Structure formats: structure tokens, C-alpha cells
Number of protein chains: 2
Amino acid sequence: MTKNKERTGLKEHDDAGLPRSEAVTDLSVSSTLIRGIEVLQCFSSTDQALGNAEIARRLGLNRPTVSRLCKTLVHLGYLRRDAKGAFRLAPKLLALNYPMLSAMPWRYDLLRTMGELADMCDGNCSLGVLSGDSFVHVQTVGIPPGWPHIPDIGQTGPLYRSALGWALLSMLQGEELESKIADLRALHPDEYEASAEKTSAAITQCRRDGFCVSYGDWRPNLVAAASPLGRTEDGLDVAIACALPRYRTVAGYFETDMGPRLADAAESIRMSGVFVFPKLPK
Amino acid sequence: MTKNKERTGLKEHDDAGLPRSEAVTDLSVSSTLIRGIEVLQCFSSTDQALGNAEIARRLGLNRPTVSRLCKTLVHLGYLRRDAKGAFRLAPKLLALNYPMLSAMPWRYDLLRTMGELADMCDGNCSLGVLSGDSFVHVQTVGIPPGWPHIPDIGQTGPLYRSALGWALLSMLQGEELESKIADLRALHPDEYEASAEKTSAAITQCRRDGFCVSYGDWRPNLVAAASPLGRTEDGLDVAIACALPRYRTVAGYFETDMGPRLADAAESIRMSGVFVFPKLPK
DNA sequence: ATATAATGTTTGAAATAATGAAATAACATT
DNA sequence: AATGTTATTTCATTATTTCAAACATTATAT
């Protein structure tokens, strides 16, 4: 099952010294579970309906295997078949998340403030949470008509080239920050290197001014400012951001107006006590 | 693996005539995938952090097995360990849903109308989608402070004893409705029977007046009205509901004021053409 | 402190479940 | 009708899971 190992990126023992050239599969994780969930991961905003064969092609499995996995997921209610017989994610998948969303009551408490911020900059305002090598949106307010993309719960973005990502990184302390950066570097060597300077500058700015700004680093036509909020009791790192389309942005507005205001708002949110803000190194 | 079969409720061939009393396991679904996902399903608003042993107990597996499944889910990023070493759902799980949310652009288009409805009744307004034997909330607007529960994306409720559920059922046609009711009856025999009359009355009301009302049938202290919206192009059945705490409800308000207004709003939403409304039987 | 009871993880061998090739069936599109 | 799709079924092979036992690691109680 060499293919499988490479695909899933499982950590395995070094084969170098083994008697036969046979690879040792990692018995401590379940490959079937991985494959099943990888089926769900195949779907995206642009690939909303997928057939068996297409999924098999992407995952490097053969059709019968995928057929069985999909059948299982349909049985569980997380996939459905549309009129054309293709598979689509099913609404029950949302139910899996409800426990997590209801564990973030601060998402509601911040709605008002977020709305005010969105109005203030005539753009939108989002909350993001650190997750592996990405941030994940957990709340978004203000989605004007004609908005270039759909920021919604669950959308992910890069830590190393987005305002929200930088704000999140700025909260990590020495050892923690080191290891996160090492992870990012390992996962996206070239991409990370290309943004390394901007990243460290933004982290510095966050720590000094309480916010940082991104000019189209993530979404080419969006300008955004972000501020760190802190870590929740149960261990999630949270930041807040405001964004608007580039063509509507007045030069310097984010640096001199919106940024400081966002930082103020973040500061007063921190006063609520929901978020623990780390003591930052001088 | 007799235990497994019973737990997962897999359909299997009748063993009656088999030579040995050995059960035939169903090769067409993947039991490992089922178990892995069942681990995720263990979490709820009230059980946000679970240990290995607790999960094992609930699923009827032994600890090593659960340890491996959890390790796999952590590897995938869908579980995380908190400060105490317990497992919690990880934010990456939200990312799995993003493709589905972004496939429902009408969730945004309806925000304004929903806000108006919520203001009008001084309560909240939600969109629900049919999913198996339940509805799933896909959007909620208006969460006043002190609200008795947290209606949010992903929350599920019963089809047969809630306004939203009844409104959804009212859209199903003959054969489709029959089979859905049969499913409900099979899954919750007693509970269904207890609400059967209310259910059919509400379906009738929906078809006649365009809305139905529930007085605490789902959440004891909530009164709600709901209207069917129709079926989306990709096959989801959607309904809209407004709810407020019972103690704030004036007698008859939902029947004579809010209900008809909701029905009007639903009617004008349907005009937008996003939802296909079935031709109802006279 | 020490004992006791839980929990989490690692083994290895036995049992089982997953796999993929081949065949079949169902469907669209020529 | 014929071709190229795609989805499903079957079955023998193989690899993965499972479980019990032992160990390590916490908590909790005495």
C-alpha cells in the first residue's frame, strides 16, 4: 500500500534498515477512516457535485472502494445524491459542527461590535480561529451585494499571507511561535519564504500598534486589517479582521484610521475577559 | 462482530437460513469509517470534551480502538486535545462545511428579509433544511440577549413536532410524503404517534394558509410559526420560521398576525425563483 | 505519602474487514 | 445499434482492525 502512505502523508518508521524493501504501514492510525474523510474533503465551492469515478481519480483509489465509502457516507447522512446521481455534501454535516459553534458564545456577544466595525469601513468584519497551518472563519458580518468573495463560517485562509493570519501568529509566544513557523515552512517552503518578511513585519506591527494590514496578500482585490483578541479558556486563538475591496480603499485609510479603530475595539473586547491575552515579549 | 452490527444498525441479509449461526457482515459499507465518524458524533453542546474511555464506553468499543480512531482524527485535524488532555472538536471541522454553505447563496439574499421578520415579532428568524428525519438550521437572525437556547447553523430538530418540520413536510408530495412519514414512524414509533394528529393538522394549515404554528412542541418555552419556501435547484427542501419565548406571546398573535405576515414574506421569497414550489394536491 | 483506581498507550496474534481485478449493469452520446 | 462513460457487484487475496493483556501514566482516596 505504498500509494496510500504517500497520499496521506502518514508518519512512518524509517524503512532503511528493514530486511525486505517492504514499507511498514503505521498501525496507529486508521487508513480507512482517513480515506473516508478524504472523500468529504474532495468537495469544494467549485466542486459541489462529484461522481464516484472523479473521487477515485483524485484520491488514487479504485472505483469499487470509493463506491463503498460513499455508500457508507450516504448511509450516515453526510452525503446525498442529487437528481443526476452525483454525490453532494448533505446538510447533516452541519450538525456535526453545532457543538463547536455553541461552544463559542462570544461569537454572538461580538455581533454588535462587528456590525459597527463593518459599517464604519463599509466592508465586512470576521472572526478567525487558528487551526493548523490556516485560520478558519467562525463568524462574518456585513456581506454587501457584489462582494468579490463569500466569507462565511468555515472558510479557511493562509496564516502567512493574510492580516487575520498575521494577527493570530502575533499572539504566539517564543517556543510556540517558533514551532508554528517551522510547520509553515515545512508545509509551504516556497510560499512561506516569499512572505517571510511581510509576516515578521506584520507581527511586529501587531505587537506595537495592536493591528496589521494586508494589501491583497490573500485575496488580491481585498485590503484588510486585523487585530489579535486572545486565547479562549478552552484553548482557541482568536483574531478579528475588517476587509473591503481594494478599489474602494483610500490610500492610508487602514493604517491611520481603520487600523487604530479596530485595535481599540479589540482592546475593549479583551476587557470582557473572555480572551486571555498573552504577555508579549518586549 | 455482532455488537458492531447492532450498534450501527446496518442492514444485513437475513441470517435465518445460514449454515452456521454466524452473521453475514455487510461488505457494502465500511464499518471502520462508521465508527470513526461516530466518534465525532459523540460530542455535543453538553459534552464538549471527552476522554478516550468515555468515548469507548458510549460506542461499545474498547479503549485501544478508540485511541487509534482519535489519533487518526487528530492527525486529520478534526479533533484536538485541550489543556487537560481531553479531546475536543477542532475548528477545521468547520472547513468541511464551507463548500455546502457557499452553495446556498440564498442564505445571504434572505438576510434582510429575515432581519425584518425577526424585528417584527421581536424574536428570531431561521431557515431550516430537510435532512433525514430532522431539519437542520442553515441560517439564524436575531438572537436577543437572554434567549432560552442558541439557535445556530447546524442545530437540528424533529420534523414531526416543530413548526419548521411541519412546514417542510407540507412540501412533500404523495409518494414522497408517505415514505417520509413511514421513516419517521419507523424511527420514533411512540413519539411520532403522539404527534401524528398535530402533524397532519399543521400540514393542512400550511397548504391552506401558507404557514403553521407550534406552541412549545419542540422547545417547551418557544412559540413558532413556519412557512415552506420550496426546493432548491440542487434538491434541498427549505422552510422559514420565526420564534419567540412563550411568556412574551400574546394569545392569537401568531395565528392572526405573525403567521400571515410570514406566509406573505415566504410568498414573495418564492417569487425570486430560487425555490421551486411543488404543485400541491388540492 | 502511599495505595487505589482510573485512564491512556503499546504490543502481538487472531479474526475480520477492506481491497482491487474482472465481470456486469446502467447510461448517455454519438 | 455501437461506443464510451460510469456505477455496482462479486469474490479470492491481502492487509487492516480488533481485542486482550501488560505497561505507563495520570488522578483520587486513604
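Residues numbered from 1 in each chain as written. Chains lettered and ligands numbered in written order. Predicted model: local features only at pLDDT ≥ 70, side-chain atom pairs only at ≥ 80, totals over all residues. Heavy atoms only, no water.

1. Some points on the side chain of B:Lys180
Inspection of the secondary structure assignment puts B:Lys180 in helix 9 (residues 174–187). Dropping the residues within four chain positions of it, B:Lys180 is found in contact with B:Leu130, B:Gly132, B:Leu159, B:Leu169 and B:Leu172. (Helix = DSSP H or I, 4+ residues; strand = E, 2+ residues; numbered from the N terminus. Contact = heavy atoms within 4.5 Å.)

2. As for the protein's contact with DNA strand D
Surveying the vicinity of DNA strand D reveals 22 residues, the closest of which are A:Thr32, A:Asn52, A:Ala53, A:Arg81 and B:Arg35. Interatomic distance of 3.2 Å between a side-chain N/O atom of A:Ser30 and a phosphate oxygen of DNA strand D. Between a phosphate oxygen of DNA strand D and a main-chain N or O atom of A:Ser31, the distance comes to 3.3 Å. Of all elements in the fold, only helix 2 (31–41), helix 3 (52–59) and helix 4 (63–76) of chain A together with helix 4 (63–76) of chain B reach the threshold of two or more residues within the surface near DNA strand D. (Near = heavy atom within 4 Å. Polar contact = N/O pair within 3.5 Å; in protein donor to acceptor, adjacent residues only side chain to side chain.)

3. Considering the relation of the copies chain B and chain A
Overlaying chain B on chain A yields an RMSD of 0.1 Å, the required transformation being a rotation through 180° with an accompanying axial translation of 0.0 Å. Between the two chains, the operation in question is that of a two-fold axis. Measuring from the rotation axis to each C-alpha of chain B, the shortest distance belongs to B:Leu33, at 2.4 Å. When the interface residues of chain B are mapped onto chain A, 100% of them again fall at the interface, so both copies present the same face. (Least-squares fit on C-alpha atoms with pLDDT ≥ 70 in both.)

4. Some details on the pairing of strand 6 (residues 212–215) of chain A
On a regular strand, each side chain points to the face opposite its neighbour's, so the side chains alternate between the two faces of the sheet. In terms of strand pairing, strand 6 of chain A meets strand 7 (residues 222–231) of chain A through 4 bridges, oriented antiparallel. Bridged to A:Tyr215 within strand 7 of chain A is A:Val223. (Pairing = 2+ DSSP bridges.)

5. Considerations on the packing of aromatic side chains
For the coordinates displayed, the defined rule picks out 8 aromatic pairs over all chains. Measuring from ring centre to ring centre gives 5.5 Å for A:Trp106 and A:Phe275, while their planes differ by 65°; the resulting arrangement is edge-to-face. Here the residue A:Trp106 occupies a position in helix 6 (residues 106–109), and A:Phe275 occupies one in the segment after helix 11 (253–271), the gap between them amounting to 169 residues. Here the two residues A:Trp106 and A:Phe275 agree in accessibility, since each one is buried. With centroids separated by 6.1 Å and ring planes inclined at 70°, the aromatic side chains of B:Tyr160 and B:Tyr192 adopt a geometry described as edge-to-face. Here B:Tyr192 lies in helix 10 (residues 189–209) and B:Tyr160 lies in the loop between strand 5 (156–158) and helix 8 (163–169), a separation of 32 residues in the sequence. The two residues B:Tyr160 and B:Tyr192 agree in class, both being buried. Its end group placed over the ring of B:Phe277, B:Arg270 keeps NZ or CZ at 4.5 Å from the ring centre. (Phe/Tyr/Trp six-rings, centres within 6.5 Å; stacked < 30°, edge-to-face > 60°. Buried < 20%, exposed > 50% of the residue type's maximum accessible area, 1.4 Å probe, protein only. Lys NZ or Arg CZ within 6 Å of the ring centre and 35° of its normal.)

6. Regarding the packing of helix 7 (residues 111–121) of chain A against helix 11 of chain A
Residues and elements named next belong to chain A. Running from N to C, helix 7 and helix 11 point in directions that differ by 170°, and their axes come no closer than 11 Å. In terms of axis orientation, helix 7 runs roughly antiparallel to helix 11. Residues Thr113, Leu117, Met120 and Cys121 of helix 7 form the contact with helix 11, whose participating residues are Tyr253, Met258, Arg261, Leu262, Ala265 and Ile269. Looking at side-chain class alone, the contact of helix 7 with helix 11 contains 8 nonpolar, 1 polar and 1 charged residues. (Axes fitted to C-alpha atoms, helices over the stretch in contact; angles between N-to-C directions. Parallel < 35°, antiparallel > 145°, perpendicular 65-115°, else oblique. Nonpolar A, V, L, I, M, F, W, Y, C, P; charged D, E, K, R; others polar.)

7. Focus: the packing of helix 5 (residues 92–102) of chain A against helix 5 (residues 92–102) of chain B
Running from N to C, helix 5 of chain A and helix 5 of chain B point in directions that differ by 135°, and their axes come no closer than 9 Å. Classified by the interaxial angle, the pair formed by helix 5 of chain A and helix 5 of chain B is oblique. Here helix 5 of chain A and helix 5 of chain B pass one another in a crossing that is left-handed. For the pair formed by helix 5 of chain A and helix 5 of chain B, the contact residues are A:Leu93, A:Leu94, A:Leu96, A:Asn97, A:Met100 and A:Leu101 on the first element and B:Leu93, B:Leu94, B:Leu96, B:Asn97, B:Met100 and B:Leu101 on the second. Across the contact of helix 5 of chain A with helix 5 of chain B, the residue classes break down as 10 nonpolar, 2 polar and no charged. (Left-handed = near helix turned anticlockwise from the far one by under 90°.)

8. What to know about the sheet that holds strand 7 of chain A
Residues and elements named next belong to chain A. Pairing is antiparallel across the open sheet formed by 6 strands, whose spatial order is 5-4-3-8-7-6. Each edge of the sheet is formed by a strand with only one pairing partner; in this case those strands are strand 5 (156–158) and strand 6. Ignoring which end each strand starts from, the neighbouring axes of this sheet average 35° apart. In terms of strand pairing, strand 3 (residues 124–131) meets strand 4 (residues 134–141) through 7 bridges, oriented antiparallel. Within strand 4, the residue paired with leucine 130 across the bridge is phenylalanine 135.

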